[in-house]
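Observations on the model geometry
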Amino acid sequence: GNDAAIKSNLAEARAQGELFYDANGNSYAGVCGATAVNGVKTIQAAVIAAQTAYNGGTSINTTFTTAGSADTTKGTCHDSSAGWGAEVPLKTSGYFCVDSTGVTATTSASTLGASDVACN
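The rules behind these values
- Residues numbered from 1 in each chain as written.
- Predicted model: local features only at pLDDT ≥ 70, side-chain atom pairs only at ≥ 80, totals over all residues.
- Heavy atoms only, no water.
- Axes fitted to C-alpha atoms, helices over the stretch in contact; angles between N-to-C directions.
- Helix = DSSP H or I, 4+ residues; strand = E, 2+ residues; numbered from the N terminus.
- Parallel < 35°, antiparallel > 145°, perpendicular 65-115°, else oblique.
- Contact = heavy atoms within 4.5 Å.
- Nonpolar A, V, L, I, M, F, W, Y, C, P; charged D, E, K, R; others polar.
- Core = buried A, V, L, I, M, F, W, Y, C linked by side-chain atoms within 4.5 Å.
- Buried < 20%, exposed > 50% of the residue type's maximum accessible area, 1.4 Å probe, protein only.
- Expected span 1.5 Å × (residues − 1).
- Pairing = 2+ DSSP bridges.
- Arc of directions from axis to C-beta.

1. Points about the packing of helix α1 (residues 2–23) against helix α2 (residues 44–55)
In contact at an axis separation of 8 Å, α1 and α2 are set at 175° when each is read in the N-to-C sense. Put simply, α1 runs roughly antiparallel to α2. For the pair α1 and α2, contact is made by Asn2, Ala5, Ile6, Asn9, Leu10 and Ala13 and by Ala46, Val47, Ala49, Ala50, Ala53 and Tyr54, respectively. Counted by class, the contact of α1 with α2 contains 10 nonpolar, 2 polar and no charged residues.

2. Focus: the nonpolar core
Counting 23 residues, the largest nonpolar core has Ile6, Leu10, Val31, Ile43, Val47, Trp84 and Val88 as the members making the most contacts within it. Elements represented by at least two residues in this core include exactly α1, α2, β2 (84–89) and β3 (95–99). Excluding residues that lie within four positions of it along the chain, Leu10 makes contacts with Val47, Ala50, Ala86, Glu87, Val88, Phe96 and Val98.

3. Re α1
Think of an α-helix as turning once every 3.6 residues; residues three or four places apart then point the same way. Given a rise of 1.5 Å per residue, 22 residues ought to cover 32 Å, and the 32 Å separating the end C-alpha atoms of α1 matches this to within 8%. If you check which residues of α1 are buried, you get Asp3, Ile6, Asn9, Leu10, Ala13, Gly17, Phe20 and Ala23. In this fold, the buried residues of α1 make contact with α2, β2 and β3. Just beyond α1, the residue with positive phi is Gly25, at close to 65°.

4. Notes on the pairing of strand β1 (residues 76–79)
Moving residue by residue along a regular strand, the side chains alternate between the two faces of the sheet. Here 4 bridges tie β1 to β2, and the two strands are oriented antiparallel to one another. Paired with Cys77 across the two strands is Ala86, which belongs to β2. The turn joining β1 and β2, which pair antiparallel and follow one another in sequence, is formed by 4 residues.

5. Remarks on α2
Taking 1.5 Å of rise per residue, 12 residues should cover 16 Å, and α2 covers 16 Å from first to last C-alpha, within 8% of that figure. Listed in full, the buried residues belonging to α2 are Ala46, Val47, Ala50, Gln51, Ala53 and Tyr54. Buried residues of α2, viewed axially, fall in a sector of 155°; they line one side. Those residues of α2 that are buried lie in contact with α1, β1 and β2.

What follows is the structure, given as structure tokens:
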């Protein structure tokens, strides 16, 4: 059940990310943050909800040198003007990653390195 909630919440991030992109002048910059643009929310709440399904945590770790190496119990979200990527560990094992290009991946290890905006 927890893994299904993680995947569902991150899948919702994709649609919200596109709304944010349109409201932010065709830019994803800031989509991982907390600040809405023109009344359109970021994807932060969806990533936090996915992380909460994993461990009850409340913060997104956006400062990994290599995503997952600093704290494997937190979600990761990176953005740039051209894209974004977010991943959360799964309860069973591995990670679930989504990005702005439409990739949805279940992987055995973290795929978002420092500043990566694409699930690799």
